[in-house]
Each structure stands twice: as C-alpha cells, then as structure tokens.
Amino acid sequence: MTIVLTPYWSNGVQKLKVQPTGKANRGLVPPAFDPAIHVQRALAQLRSKDKPLEKYIFLSGLKHDDAPLFYKLCLENMSEITPIIYTPTVGDACIQFSHIYRRPEGLYVSIKDKGQIKQVIANWPKIHEARISVVTDGEQISGLLSSDFDLSLELGSRILGLGDLGVNGMGISIGKLSLYVAGAGIRPESTVPITVDLGTNNETFLNDPFYLGLRQKRITGPEMDEFMDEFMHEMSMAFPKMMIQFEDFSTDNAFRYLERYRRKYPVFNDDIQGTGAVVLSGFLNAAQLSSDASGMPMSEHRILFFGAGSAGVGVATQLMSFFTLQGLSVEEARSRIWLIDSQGLVYDGRGRLAEHKKYFSRKDYNGPPMTNILDIIDYVKPTALLGLSTISGAFTPEVIQAMAAINPRPIIFPLSNPVRLSECSFADAVKYTNGNVLFASGSPFPEQQYGDHILYPGQGNNMYIFPGIGLGAILARASQVTDSMVEASSLGLANSLTEDERALDLLYPRVERIREISAHIARQVIRAAQKAGVDRSEALRKMNDAELLAFVKRKMWKP
C-alpha cells in the first residue's frame, strides 16, 4: 500500500499533507493520532497563549504549516478567532509586522518596479489559480473608520487608527483574505494579498532597521497615478478572472481610484462600499424596530453622521438606498442625511469643503457655524446617530440621553475601530437609554444584563459582506462590481436573520453562520450582476434560485 499524501497550497507554496488513514501511514504519525482530536489540540495550544499578538503569530504559523487545519479551526470557532486574525488584533500585528516577520507571504509591488510591474506579477506562483486580491498601500484606515477628525491627517492617514503603516499594512490584506476563505469558501490558492509600496510618511518606521518597506516618503500625484494605471493594467492581463478589493487607501485616493477603475475592472473598495453595505443592512433592521416603537414611517428617519471621511461619506451614500427603498427620490433621500466633521455641521455657507463632503453638504442651513454635537442633535432631531470619527467617548452620556429623549428606541452606531476608539460603549448606550438603544458597533462589545433581560450588541463587521460579494462576483465572472451588486449584498444580509435572532432584536445574524450567510449573499450578488448585464457566466442565468444557491454552496471550499 502507498502512503496517502494530499497536495495543497499555502501562501503560494505547494505542500504535501500526510493523511492518517490507518496502515497506509503506519509509522509516519503517532499510533493514536486522531484528526478530530488534533483540531482540539490546536485550539488548546492557541488558548494557552496569553497575549493576542502571540495568538496571531501562532495562527499565522499554523496557516503556513497546515492551511486546512487553520481554516477548520476558524470555521468551528469564528467568534473567538476572527478578532485574532482580523480586528482588533491585526492592528497590533501591523504595527509589529516587520518585527514578527518570519516568512514570505503575499506580493510586494513597489514604486521602484514602475515600468516593470508585469515581471513582478509574473513571479506569483499558481498565477492561473488567482481569483481575488486585496490590495493596500497601507496609508488609510481599515474597516468602519474615518480619520476626518485626525489633526495629523496631512502627515499621513491611518490604518485602524494606528497611523501610516506603509508596507506593514500587508497584515490587512492577509487578514482580509483569510476571512474570504473562512467566510465564503474561496480556495486558499485563489487568494493574492498585495501591498503596493509607495513609501511611508511614518518617521518611526523610516528609522526602524527592521522595517521591510522602502525608506522614502510617499509618492503622490501624477507619479502615483501612472504607477496605479500600470499596476491595474498588468493585473488585468496576468489575472483575467480576478476581482480586486482596494483597502486602506487615503480618503481622496480611495474615492478617486474607485471611480477611476470601477467601470474598467472588477474593483471593489471595502472601506467605502463594504462599510456602507454592512451598515445599511443593520440600519434596515434597526429602523424597522425603531419605527415599530414610535409609529413613525420608515421614510421619515433622519440620520446624523459624526465623521465625514471616506467611511462616513461611503456609509452615507449607501444609506441613501434605505430611503429610495421606501419610495423617496434620490434628492429626498439625500435630504435625510446630515454630516458632522471636525468643524461641526457640514453646510454650504460654512466655506470651502473637501470634495467628498460636498454632496451631503446642507443647503438649508445658513446660520453661524454649529460645532456642539448637542446643539446639532437639538437642531436635526435625528432618529439615528452614527459615529465614524475614531474619537473615543465622543458619544457622552449627555449625547446618548439627548438621543433617548427624542426617540423611544434611538439608533446609535459607534462604528470606529478598535474598541479604544469607539464613540461609546454598549454598556453606556444601554445605561443612558434605559435599555432601549438599537446598537451596532465596529468592534465587539460584551452583552449586557438589563433588568431580567440580556441585551446583545450588534457588530457591523464588514466580514458579513465582503466574502459574499467576492464569491458572487467570482462565480458570476463579473466585469464590474456595480452599486446594485453592493446593495444586493446588504439586502441579503438584512434578510438572513433567523426567527430566533429576530426574537432577540438582533440587528445582525450570529457570525457562526457566516458560510450560510455568504452563500445567500453570493446568490443575490450574482442575480444583481445578471440584471446589470455585467456577468460573464451565462450558464448561471438558466438556474432558478434554488439551483443557483446549491451551485454556490458546491463551489465553496471546505477544509
């Protein structure tokens, strides 16, 4: 009998995994080796680490050595492991990336490669297997954040509120793609984490002998545009079936490059579109509960944003869909949204505004600058307050009480990551609304006991959305990621709650159901791509919904 060795790919390297199948492997594994017990052994080893960063390093090594075991562990313990491989631990891992670096992972394309990007990309192993890439330049925030309030913004933007990390931002691309695999069953060998190294303005890293990136200031302007144009062209040539997710570009570049490439390539920006979609989903469920309590029509909700950077404006843009779904016109939908930035209420009469804020700038207010959030709440009388500012504690007890005074069930979403930058805690939101808050955050908070009830916080985590969008776009072979596809992902998530979850007033489903959720989202995304005429997998058009869902599930890789 021959030894059973199963090939698999990990981080671009093919490996052989010994399959303990009785006599075939006698002597190659311990006599009592049991794969099921081995999963528990790995979990026990993980839990023996007492620091989150040590757990991150352990899991990174496990993914490299035994990718199927790593992903099996993730799937069976999603709520425990997701905060380690992504928010919030990935922030610390990015800061320490050059210090904890052990082995090559991902693809690095630097400004020094300009004119030769084709050759760099060609070095990627399994180039014909590649289907999805997360591309970052390590400059901006990640997930549900905005650096609009950061006074050091002109010196470089922020990943997870941690500063310009340059090439160290690779940890974000790696983490996001791990969630694509775990959450949507995209095959590990199909993923390509990429960092485009355009320099960094972080003096600490420029002076760090261990820093792995270029030791130069960031390039900007036409030189960066020329680099990105070449990069995107060569990516499309080398990977004709690939969807690209942009991550952590600065506010201006995030909007600009999304607009520059979205109609030419299948491109998606998670900071703008993914954040908007996941918040829209939670807001749909929260607004229904709020309207049930107040008797107010859904179309009359008023949303106040505390934070007007790329994530804030991206979410605001997506939430216009909430109002158009209620029958309002686009202009009427826009009129239901207000923004606050570092100078207060955003309105035309205030003076010069950044380009991305102009669309939501108020034209119906011409008074003196309004800078106090309590005054703005009194003026707007919002039903919903959303925080994307990275200002810890910005939603003070007085702010929360003001929202509760005008709403039987106020909607309060402090969306900034990590927990230490959240605008308020779930405990405070429960306390100062007498348990009536409809709450979703960007970072995880513990449940709260209130009276004889246990209240559960929602977490507007992008991982609910982007795996399903990616899977759907790949299976449809979408030539673009349209606004309708993003909206479809949001509606798919909002409608995925079980009866038990609705009975608990949950705004989001439990993360342990992520594979089931991603399959439903992927089906919705495929249908939206078909309606938009951007799908190239024509055979899927002939399937009914049940057949399409079964097809999606069959395509999901299982460890």
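Numbering of residues begins from 1 in every chain and follows the order in which that chain's sequence is written. Note on the predicted model: pLDDT of at least 70 is required for a residue's local features to be given, and 80 or more for side-chain atom pairs to be given and counted; whole-chain, interface and lining totals, by contrast, use all residues. Heavy atoms from the whole structure form the basis of all side-chain values; hydrogens and water molecules are not counted.

**Concerning the UniProt feature "binding site: a divalent metal cation" (unreviewed entry) in the protein**
As a reminder, the rule being used: UniProt positions are given in the numbering used here, feature names are shortened, and annotations may be inferred rather than shown by experiment. Secondary structure follows DSSP: runs of H or I at least 4 residues long count as helices, runs of E at least 2 residues long count as strands, and numbering of each begins at the N terminus. Only protein chains enter the accessibility calculation, which uses a 1.4 Å probe; a residue is then buried when its area is under 20% of its type maximum, exposed when over 50%, and partly exposed in between. The term polar contact refers here to a pair of N or O atoms within 3.5 Å; inside protein, the definition further demands a hydrogen-donor-capable atom paired with an acceptor-capable atom, and it admits residues adjacent in sequence only when both atoms are side-chain atoms.
Within the UniProt annotation, "binding site: a divalent metal cation" (unreviewed entry) is assigned to E247, D248 and D271. Taken along the chain, the residues just named run across 25 residues; in space they keep tight, none of their C-alpha pairs more than 7.0 Å apart. Here D248 is to be found in the loop between β6 (243-247) and α11 (251-261). On the basis of relative accessible area, D248 is assigned to the buried category, the value being 0%. Secondary-structure assignment places D271 in helix α12 (residues 270-294). Note on D271: relative accessible area 1%, which makes it buried. Here D248 takes part through its backbone nitrogen, which lies 2.7 Å from a polar atom of the side chain of D271.

**Description of the pattern of salt bridges**
Selection rule: Should a side-chain nitrogen of Lys or Arg be within 4 Å of a carboxyl oxygen of Asp or Glu, the pair is scored as a salt bridge.
Counted under the stated rule, the structure contains 30 salt bridges. K176 is paired through a salt bridge with D270; the nearest N and O atoms lie 2.5 Å apart. Within this pair, whereas K176 is found in helix α8 (residues 170-184), its partner D270 is found in helix α12, the two being separated by 94 residues in sequence. The pair K176 / D270 is uniform in exposure class, with both members buried. Among the ionic pairs, R513 bridges to E501, the shortest N-O distance being 2.9 Å. Residue R513 is located in the loop between α20 (499-503) and α21 (514-532), and its partner E501 is located in helix α20; the two are separated by 12 residues in the primary sequence. This pair shows no difference in class: R513 is buried, exactly as E501 is. One salt-bridge network, held together by shared partners, links K126, E129, R187 and E189.

**Quick word on the packing of aromatic side chains**
This is how it is decided: Aromatic rings from Phe, Tyr and Trp, taking only the six-membered ring of Trp, are treated as a pair when their centres fall within 6.5 Å; an angle between ring planes under 30 degrees marks them as stacked, one over 60 as edge-to-face, and anything in between as tilted. Throughout this description, the term charge over a ring refers to an Arg CZ or Lys NZ atom that lies within 6 Å of the ring centre and within 35 degrees of the ring normal.
Inspection of the entire model under this criterion finds 20 aromatic pairs. With a centroid separation of 4.9 Å and an interplanar angle of 50°, the aromatic rings of F426 and F439 are classed as tilted. Within this pair, whereas F426 is found in helix α17 (residues 426-431), its partner F439 is found in strand β13 (residues 438-441), the two being separated by 13 residues in sequence. Neither residue differs from the other here; F426 and F439 are each classed as buried. One aromatic cluster in this structure is built from F246, F249, Y257, Y261 and Y265. In this structure, R334 packs its charged tip against the face of Y359, placed 4.2 Å from the ring centre.

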